[in-house]
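Understanding the architecture of this molecule
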Amino acid sequence: ENLFLSGLTATEKKLAEYKCNTNEAIQLKLVRFPEDLEDENTTFNPEYSHQVFGDDEVAFGYKGLKILLYYIAGNLSTLFRIEYASKVNEKFDCVEADDVESKIREIIPPGFCTNTDDFVSLLEKEVNFKPFGMLLHTYSIHNEEAGEDITYQIYKADMTCPGFREYHERLQTFLMWFIETASFIDVDDERWNYFLVFEKYNKDGATLFATVGYMTVYNYYVYPDKTRPRVSQMLILPPFQGEGHGAQLLETVHRYYMSSPTVLDITAEDPSENYVKLRDFVLVKLCQDLLCFSPVKLMQGFSQEMVTEAQQKLKINKQHTRRVYEILRLRATNMGDAEQSRSYRLDVKRRLIGPYKKKQRELAKMRRCLRPEEMTNQLNQIDLNLQREQLEESFQQLVSDYRRVLERLAQA
């Protein structure tokens with residue numbers, strides 16, 4: 001019996017060596033020059049792979065597994081290869097290795113290269129790649145490493161642009177690796193708009209374009225003749241994150257819709273925490289010069305005038321306008337002054353307590369049916385204390401988020 005147990009653990013130990021973390025195994029690259037293929041500094045890894053490899057993000061059956069997904073920087077032509085030191089064998093090990101290849105093939109479009117030579121020869125044609133659609137905005141960012149300003153451009157594209165459909169299929173594969181709940185969109189629905197960011201770079205005296213990131217926006221129809229664009233996906237590719245491209249992209253998209261008389265306001269679908277911080281910054285930047293947000297008016301409280309002006313001039317919806325007001329009012333408030341800071345705290349907490357009060361009413365209704373009166377009162381008291389703590393915590397968290405937005409604004 002003991003022999004059997006020790007035997008089992010040996011096999012288990014052996015099989016454990018054949019488990020690989022897929023976030024580490026998947027190696028991504030955006031390639032501009034042939035030498036990038038050998039350069040480890042150009043490699044980056046997914047943040048997520050659970051949508052392809054399951055919640056534990058593990059591939060079984062390989063030792064030293066490498067899943068290479070290399071993209072040409074501009075048009076995203078793909079090289080896909082799998083390498084490993086050894087693989088379990090059904091004959092000897094009585095287990096089968098995961099079919100890693102077919103899992104990856106499910107999300108990357110056909111037509112990829114499987115060997116480096118083909119990929120490098122495609123790289124030589126990259127000089128012909130030009131961005132899709134209509135140029136909306138050009139900006140430059142100083143790059144410390146390169147010691148120069150680098151130019152970026154934002155384009156609006158749609159499925160009628162030649163080659164864009166295929167390009168978008170390659171681009172959207174990145175969503176799987178960097179957005180936790182990513183899904184591919186129905187590109188045959190003409191209500192989608194696509195906004196793309198490119199970097200201009202030089203190669204052998206020619207100007208080439210590299211893909212930096214993108215955003216998809218869905219135009220919801222609002223009766224009788226308006227639309228309400230809703231931001232669906234937004235991704236700045238990891239090598240470009242933290243450089244301010246997200247803010248440039250979001251502001252450009254807002255400005256694009258601002259010029260359209262049929263647009264009511266812009267919303268977002270299920271926004272992440274990072275997106276909310278980004279949006280706070282962009283909207284406050286757009287709103288700070290509106291007359292309705294003058295310090296005097298901020299001190300008089302949130303008003304219908306703010307809602308109307310932000311919606312009409314900047315296509316910002318009421319909920320987001322309220323956040324903008326709170327951030328700008330924080331800037332105009334002397335938090336060292338007891339009266340001013342108390343007034344600010346009450347104003348924000350009154351908004352925060354709304355959902356609590358609604359829940360409170362629902363609970364009270366339920367309890368009236370279920371319990372004698374005195375018990376209800378006791379429970380309400382416990383609830384209130386808990387609610388005060390939670391409220392204070394939410395408020396403090398909000399203020400620290402708002403301060404970060406204001407710091408970024410001061411540097412902008």
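To be clear, the structure that these remarks concern was listed above.
Below or above, wherever it landed, is the structure these notes cover.

Thresholds, definitions, all that
- Residues take numbers from 1 onward in each chain, read along the sequence in its written order.
- In view of the model being predicted, local features appear only for residues whose pLDDT reaches at least 70, and side-chain atom pairs are presented and counted only at 80 or more, with totals across whole chains, interfaces and linings using the full set of residues.
- Based on all heavy atoms of the structure, the side-chain values leave hydrogens and waters out of the count.
- Note: two strands are recorded as paired if DSSP finds a minimum of 2 bridges between them.
- Secondary structure elements are taken from DSSP: a helix is a run of H or I of four residues or more, a strand is a run of E of two residues or more, and numbering for both begins at the N terminus.
- When checking whether two residues touch, look at their non-hydrogen atoms; a contact exists if any pair is within 4.5 Å.
- Each helix should span, by expectation, one fewer than its residue count multiplied by 1.5 Å.
- Exposure classes here rest on a 1.4 Å probe applied to the protein chains alone. A residue is buried below 20% of its type maximum, exposed above 50%, and partly exposed in between.
- Any Phe, Tyr or Trp ring, taking Trp's six-membered ring, that has another such ring centre within 6.5 Å forms a pair; planes under 30 degrees apart are called stacked, those over 60 apart edge-to-face, and the others tilted.
- For a ring to carry a charge above it, either NZ of a lysine or CZ of an arginine must fall within 6 Å of the ring centroid while also lying within 35 degrees of the normal to the ring plane.
- We count a salt bridge whenever a side-chain nitrogen from Lys or Arg sits within 4 Å of a carboxyl oxygen from Asp or Glu.

What the six strands build is an open sheet, ordered 9-10-11-12-13-14; its pairing is mixed. The open sheet is flanked by strand 9 (134–143) and strand 14 (267–268), the only strands paired with a single partner. By the bridge criterion, six bridges tie strand 10 (residues 148–157) to strand 11 (residues 192–203) in an arrangement that is antiparallel. Bridge pairing in strand 11 links Tyr155 to Leu196.

The subject of this paragraph is the environment of Val307. By the secondary structure assignment, Val307 is in helix 12 (residues 304–314). Sequence spacing of Val307 and Cys292 is 15 residues, and the spatial spacing of their C-alpha atoms is 9.2 Å. Those residues in contact with Val307, other than ones at most four positions away along the chain, are Phe302, Lys318 and Thr321.

Before going further, it helps to examine helix 13 (residues 318–332). Over its 15 residues, helix 13 runs 21 Å from end to end, which matches the ideal 21 Å to within 8%, given 1.5 Å per residue. Among the 15 residues in helix 13, 11 count as buried, and that is most of the element. For helix 13, every residue scored as buried is listed here: His320, Thr321, Arg322, Arg323, Val324, Tyr325, Glu326, Ile327, Leu328, Arg329 and Leu330.

Bringing the packing of aromatic side chains into the picture now. Following the criterion strictly, the structure yields 22 aromatic pairs and no others. Residues Phe129 and Phe132 carry aromatic rings whose centres are separated by 5.8 Å and whose planes lie at 70 degrees to one another, so their mutual orientation is edge-to-face. Owing to a relative accessible area of 9%, Phe132 belongs among the buried residues under this scheme. Members of the aromatic cluster, joined through ring pairs, are Phe129, Phe132, Tyr155, Phe164, Tyr167, Tyr194 and Phe198. When the ring centre of Tyr201 is taken as reference, the NZ or CZ atom of Arg32 above it lies at 4.4 Å. Sitting over the face of the ring of Phe281, Arg408 holds its NZ or CZ atom 4.1 Å from the ring centroid.

Under the defined criterion, the tally for this structure stands at 18 salt bridges. For Glu309, the salt bridge goes to Lys313, with nearest N and O atoms at 2.9 Å. With Glu309 and Lys313 both in helix 12 and four residues apart, the pair spans about one turn of that helix. Residue classification places Lys313 among the partly exposed residues on the basis of a relative accessible area of 48%. One salt bridge connects Glu326 with Arg322, and the closest N-O pair in it is separated by 2.8 Å. Taken as a pair, Glu326 and Arg322 lie in helix 13 at a separation of four residues, close to a single helical turn. We note that Glu326, like Arg322, is buried. Connected via shared salt-bridge partners are Arg322, Glu326, Arg329, Asp347 and Arg351.

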